[in-house]
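These are the residues of each chain, in order.
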Amino acid sequence: MKPLAPALRPQLVVWAVAACFLAALAVAVTWASSNMHQRQLDESQIQVEHFVAGAGEAFNRSMLGVDVLLASSDEILGLASYPQSWSGGAQGSALLHTAARHNLLVRQIAVLDGQGRVLASSGPAGPQALLSLPEAFLAELRTQPVPQLVMSGQAVSFASSERMIYVGRSLPNAQGQILLAVAEIPVTMLMPVVMQSVAIAGLEVTLERSDGSLLLSESSTPSHQRIARPLQVGAQWRQPARVSQASALVVAYPTLYPEVWISASLPEAAALLGSANELRMVRGFGLLLAVMILATAALTLVHLRHMHTARLTTARARQILEEALGSMTSGFLLIDAQRNVVQWNARYVELYPTLSAAVLAPGVAFLSLFEMEARMRFPDAGEDERRTWVQRHWSEWEAQPPAEGRSRELELPGGIYVQVTERPTPDGGRVLTFHDITQMRRASQEIENLAFYDPLTGLPNRRLLLDRLEQAIAMTGRTQRRGALLFLDLDHFKVLNDSRGHEVGDLLLKEVAQRLRQVVRGCDTVARLGGDEFVIMLCELSAEQGESAAQAQRVGSKIFESLGRPYQLAGQSHRCTCSIGAVLFGPQQVPAADLLKQADIAMYQVKARHGNGLCFFDPQMQVDISARAQLEADLQLALSGNQFQLHYQPQYNVHGQMIGAEALLRWQHPERGMIAPGAFIGVAEDSGLIVPMGLWALREACAQLRAWQGHSACAHLQVSVNVSARQFRHPEFVAQVEGELQRSGAPAQLLKLELTESLVLDDVPDSIAKMQALRSKGVMFAMDDFGTGHSSLAYLTRLPLQQLKIDQSFVRHIGRRHADDVIVQTIIAMARTLDLEVIAEGVETAQQHAFLSSHGCLLYQGYLLGRPMPAPQLQAQAMAGLAPEAMPS
């Protein structure tokens, strides 16, 4: 078979794809139509079944009432000894009238003797009433072996010419007389009972006997008609309708009374009427899509013909160039004067496989290759950091035209090193060649590893550790942040080495090295000095001595946990403990060798105590760490033991009116008494307990807000709650605040959350999203300690803030330090410009209050106005309605 010409293949593909789409469209339209058809049938069946069930229940209730009325006529008239004690037709008729008027369905009831003569009736004619009872109905009543309800077909009443249905039953008699109780029910009264005011288009409703005799029908079909097809319980599709004989859904159920059935027939055409418009829309939409598919295929073919012609011309020219470039052993990249990629060879693609797949294409901006290089160089860096690197290097690259043969080195993924050489082109472009120097670099790296790394574990050796330690010590002098050195020695390692051999000991050392790498951060160093001695250098710890010691302690705990897990060495399980000596360094300059010696001494103190522990070189620091650990344990007990309290410091406006209060956490320690927040908040932050503590404070503040709504003097008070960074960054923070407001019933517009500048600016998009979510519920926000951070005016305009809070460090020096006076005035002016409230905290003197009020600060908080106090005391002060005596008038 002759192969197809290349130009015809795309055409066939286009038409094949179009055919596939058309086929899929046809299948989808067919499926949708069938699904809609079936769904409409199912809905119609459910509707009709509900109707029949309701009609049956209504019919049964109505007939049961009539049956009870007929059965009780014996007792009403005293017919048990008829005819001896029969009192007369007129009196009996009156009794029947009284009994029948409570049943609205019945036109009249009558009692007849065995010959069909009326003895009494509830109608106006009394015993002279004329009833046109069907003979078959009378015969069935007379011959009943057991009294039960019998229903006649439709008959015309002599008295009113209405169509009636007669319902009757025989009455027992002690004298053996045949007595009959008959109720006359107008068809017009019975039909609404069955139809239940339900309007279903096309529905045919019948009341018939089990032999097919039609008792009642919504249509004009004669009532004496007999339907040959027997009824079946339940719903049956594609059955002839009981009246019209059309193919329909027939739903039938028997009533409580034998031989009487209720059926409803819904022709299929009527059942599908509701989906006809939808079907037309689906098919019309499918036709429109089919036309669009064909038009798209035709336009695509025209475009492909033009492209094919252009490609043939270009391919001939490129073939020769690609053959030449493909023979090069170095990578090649050509950049034009507009700094776009023009050409490259196969070797360049081999060196940059990910680059070629993601970015590389003719005409792509060379800048995008710089961006890819930044991602390869700094995979863990942030986007802003990589963007800064790209902009700096791109500017340098543009500003310095390459001299002939200028080179630089790059490290590519997979450990490949290349030397990049740049040369200018006459039209202003550049030619870059990439030479693989991996082997040379590996040889150099091997030499470096032998000099600075432990060959067994791959960790830095003593020489590299001391070099890094000296750099870290110098860095602490510049940043004022501390570092720590942990000297680790494995306990009883010699016993393992002697009993199981050096090979097993080496396996343990490798596993220990791996676990230590996993415990520390990327900026820390794990080194092996020799034997079973390891050193961990921790950098960038806290500037505060106690806190940095606690950080080192936590790393030590992680080391104990990691190294304490079982090891599988040569098929046997082994457990190992270690002794750790620790020493802090910085910001004072201490020789690296001395630090190593101090950590070693501390480690031997642990060994002297039988190992498996950590000891700091400074004894006093050990005391501080123990105290800090005890404080953390006490905090955990305080949370579960309800030892925390909320005190409220009132906030006043310039008129001396209390407008709110700040909720401040207090700790009533069972042994140490009241502990100020400054003594435990730092520990709570580091341990993570600040999150449940903050949630507790929020819950208590919301409960207090709700309680104050019952006191008119306090109902308007706002409550400010401080939110920590950890609590605010919790993924469920917004849900927690909303949950506490909902549970307590506190008004959200009276809750104000105070956030610090550093907290908000740490992640501005996340801060804005959370603040806006809560602001939409009514919660207000204040910027706490404003002026101590580095707020940007642009960020402030984006934040949904209502209030700025001047930090007390500025308020404290008002009138004594001119710079603080200027800062306070600037904050007030900024708040006025941004249409924000401004409140000053730490107002302690009348002079401070006067300065603030004179410059436009109208809200105040501080010891001058009131100290933090329990909620009942604040409530009493608010109900007194008096301004603080110390507040200037």
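My aim in this report is to walk through the structure given alongside it, one point at a time. (Residues numbered from 1 in each chain as written. Predicted model: local features only at pLDDT ≥ 70, side-chain atom pairs only at ≥ 80, totals over all residues. Heavy atoms only, no water.)

1. A word on the sheet that holds strand S1 (residues 108-112)
(1) Moving on: Overall, antiparallel pairing links the 5 strands, which are arranged S2-S1-S5-S4-S3 in an open sheet. Each edge of the open sheet carries a strand with a single partner, namely strand S2 (118-121) and strand S3 (150-156). Ignoring which end each strand starts from, the neighbouring axes of this sheet average 25° apart.
(2) Moving on: Examined bridge by bridge, S3 and strand S4 (residues 163-171) share 5 bridges and lie antiparallel to one another. Bridging across to S4, Met151 finds its partner in Val167.
(3) Moving on: Across the sheet, helix H2 (residues 89-100) lies against S1 and S2, angled at about 45° from S2, the strand it touches most.
(4) Moving on: Each of S3, S4 and strand S5 (179-186) is contacted by helix H4 (residues 187-195), which is oriented at about 75° to S5, the strand it contacts most. (Pairing = 2+ DSSP bridges. Helix = DSSP H or I, 4+ residues; strand = E, 2+ residues; numbered from the N terminus. Axes fitted to C-alpha atoms, helices over the stretch in contact; angles between N-to-C directions. Contact = heavy atoms within 4.5 Å.)

2. Things to note about the layout of surface pockets
(1) Moving on: Estimates place the volume of the largest pocket at around 1100 Å³.
(2) Moving on: In this structure, the largest pocket is lined by 39 residues; those nearest its centre are Glu662, Leu664, Pro677, Asn722 and Asp784.
(3) Moving on: Top contributing element to the lining of the largest pocket by residue count: strand S24 (residues 658-669), with 5 residues.
(4) Moving on: Considering only enclosed or pocket space, the second largest pocket measures out at about 240 Å³ in volume.
(5) Moving on: Around the second largest pocket, the lining is made up of 15 residues, and of these Gln471, Ala472, Met475, Cys539 and Glu540 lie nearest the centre. (1 Å grid on protein atoms, 1.4 Å probe; cavity = no way out; pocket = protein on both sides within 12 Å on 5 of 7 lines; lining within 4 Å. Points joined across faces, edges and corners; volume = space filled by probe spheres on them.)

3. Examining the pattern of salt bridges
(1) Moving on: Taken as a whole and judged by the stated rule, the model has 20 salt bridges.
(2) Moving on: Across the pair Glu162 and Arg107 runs a salt bridge whose closest N-O atoms are separated by 2.4 Å. Of the two residues, Glu162 is situated in the loop between S3 and S4 and Arg107 in the loop between H2 and S1; the sequence distance between them amounts to 55 residues.
(3) Moving on: Overall, the relative accessible area of 24% leaves Glu162 in the partly exposed class.
(4) Moving on: Looking at Arg107, the relative accessible area reads 41%, which means it is partly exposed. (Salt bridge = Lys/Arg side-chain N within 4 Å of Asp/Glu carboxyl O. Buried < 20%, exposed > 50% of the residue type's maximum accessible area, 1.4 Å probe, protein only.)

4. Points about a nonpolar patch on the surface
(1) Moving on: Residues Val13, Val17 and Phe21 make up a contiguous nonpolar surface patch of about 270 Å² in total accessible area.
(2) Moving on: Here Phe21 shows up in helix H1 (residues 8-77). (Patch = residues over 30% accessible without salt bridge, like charges linked within 9 Å, V, L, I, M, F, W, Y side chains within 5 Å. Areas by Shrake-Rupley, 256 points an atom, 1.4 Å probe, with all protein chains shown as cover.)

5. Looking at the sheet that holds strand S18 (residues 533-538)
Hydrogen bonds between backbone groups are what pair the strands of a sheet, and the pairing can be parallel or antiparallel.
(1) Moving on: Taken together, 5 strands build an open sheet; the order of strands is S17-S18-S16-S21-S22 and the sheet is mixed. Since the sheet does not close on itself, it has two edges, and those belong to strand S17 (525-530) and strand S22 (613-616), each with one partner. Each neighbouring strand pair of the sheet contributes to a mean axis angle of 20°, computed without reference to strand direction.
(2) Moving on: Where strand S21 (residues 578-585) and S22 come together, 4 bridges link them in parallel fashion. Looking across to S22, one finds that Ser579 is bridged to Gly613.
(3) Moving on: Sitting on the sheet, helix H15 (residues 545-563) touches strand S16 (483-490), S18, S21 and S22, and the angle it makes with S21 is about 160°.
(4) Moving on: Along the sheet, helix H16 (residues 592-608) makes contact with S16, S17, S18, S21 and S22, crossing S21 at roughly 145°.

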